[in-house]
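Observations on the three-dimensional arrangement
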Amino acid sequence: GLAADFELPNARGRMVRLSRALESGPVVLSFYRGGWCPFCNLELQALQAHLPEIQALGASLIAVSPETPDYSLTTAEKHGLGFEVLSDVGNGTARAFGLIFTVYEEMRPLYLKWGLDVPASNGDDSWELPLPARIVVDGGGVIRSIEADPDYTRRPEPEETLAELRRVL
């Protein structure tokens, strides 16, 4: 199917629209839970390491989390990310891609005890997070692959995404 178009602020508050990014070629979307998630940070670092290869294929990379732009900026700066890190506050975009889950009531005190203040990071009290997902959208806006796993410790290898991009071209 077609990817839902969206427009979200990047870490510096500038609006980024998917359809505009697709004008220059395929887009790899990476939905992540937040900069507080160590598995997400490892994934963002792995994607950054493969960014030259992604760009060499004429594609761009966009990361999306429900965190506010301030938190996104911290994540982008801490990891030296050379791609857009967008704030999907309220998870509207993740919802459009069918990627929403809610942290169970009984898990919330544990998250807070571990220092994972989801409401503070997200700027709302919903405790909603996106399933970690990597989506390849071709230049025509068609979703060519979705890798999403309820087990947030498992992430697709960047090589799989590169292989998918080569199939799209």
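Placed above this text is the structure.
Residues numbered from 1 in each chain as written. Predicted model: local features only at pLDDT ≥ 70, side-chain atom pairs only at ≥ 80, totals over all residues. Heavy atoms only, no water.

**A look at helix H8 (residues 158–168)**
- Those residues of H8 that sit buried are Pro158, Thr161, Leu162, Glu164, Leu165 and Val168. An end-on view of H8 places all buried positions within 160° of arc, on one side of the element.
- Contact partners of the buried residues in H8: strand E3 (27–31), helix H2 (38–49), helix H3 (51–56), strand E8 (133–137) and strand E9 (143–148). (Buried < 20%, exposed > 50% of the residue type's maximum accessible area, 1.4 Å probe, protein only. Helix = DSSP H or I, 4+ residues; strand = E, 2+ residues; numbered from the N terminus. Arc of directions from axis to C-beta. Contact = heavy atoms within 4.5 Å.)

**A word on the pattern of salt bridges**
- Counting across every chain of the model gives twelve salt bridges.
- For the salt bridge of Glu7 with Arg17, the shortest nitrogen-to-oxygen distance reads 3.5 Å. Of the two residues, Glu7 is situated in strand E1 (residues 7–9) and Arg17 in strand E2 (residues 15–17); the sequence distance between them amounts to ten residues.
- Glu7 gets classed as partly exposed once you look at its relative accessible area, which sits at 36%.
- With a relative accessible area of 29%, Arg17 lands in the partly exposed category.
- Here Arg154 and Asp151 are joined by a salt bridge, their closest N and O atoms 3.4 Å apart.
- Here the residues in one salt-bridge network are Asp5, Glu7 and Arg17, joined through shared partners. (Salt bridge = Lys/Arg side-chain N within 4 Å of Asp/Glu carboxyl O.)

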